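Fold and geometry: a report
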Amino acid sequence: MEHLDEELKEVSCPECIRCGWCCKQTVCYYGEWDYQKWQCKFLTDDNLCSKYDEIVRYESQLGLDPGLFGSGCCLNFMNPYRVKIMLESQQGGRCEENEANG
Ligand code: SF4
Ligand code: SF4
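A short tour of the structure in this document, coming up. (Residues numbered from 1 in each chain as written. Chains lettered and ligands numbered in written order. Predicted model: local features only at pLDDT ≥ 70, side-chain atom pairs only at ≥ 80, totals over all residues.)

Details of unusual backbone geometry
Pro66 follows Asp65 through a cis peptide bond whose omega is 5 degrees. With respect to the helices and strands, Pro66 occurs in the loop between α2 (52-62) and α3 (80-90). Phi at Arg18 takes a positive value of approximately 55 degrees, unusual for a residue other than glycine. With respect to the helices and strands, Arg18 occurs in the loop between α1 (4-9) and β1 (33-34). With 22 C-beta atoms packed within 10 Å, Arg18 lands in the buried category. Positive phi, close to 55 degrees, is recorded for Met78, a residue that is not glycine. What makes Met78 exposed here is the crowd of 7 C-beta atoms within 10 Å. (Helix = DSSP H or I, 4+ residues; strand = E, 2+ residues; numbered from the N terminus. Buried ≥ 20, exposed ≤ 12 C-beta atoms within 10 Å, placed from the backbone.)

This is the structure in structure tokens:
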């Protein structure tokens, strides 16, 4: 029990590879659903969160650790977008710039 706090801080999810799937399934606490595009209205065309700086600043003020970003991929199981990117990467394609939402 005394190590619980430290264990909760450990990253146990795989790396986010900016596939955008999570923000097209539902929205996080800061999001807003776009019923035309059927995704969060803050997700950019290149699968970045356009509220990234705002969210990081806000959570930093609150002292949240871990915050929304940087804790890995929350939807890595049976995620077709993620699988596609990883397959492309294995074949010598993208996945170089792993900045992103997770
Ligand atoms: S991380 Fe950003 S784009 Fe994704 S649901 Fe949250 S606010 Fe929307
Ligand atoms: S957290 Fe996972 S599902 Fe969301 S953008 Fe990153 S890799 Fe994709």
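Overview of α2
Summarising burial for α2: zero of the eleven residues are buried, a small minority. Positive backbone phi, at 75 degrees, marks Gly63, one or two positions downstream of α2.

Function cannot be inferred from these measures alone, as they are strictly geometric.
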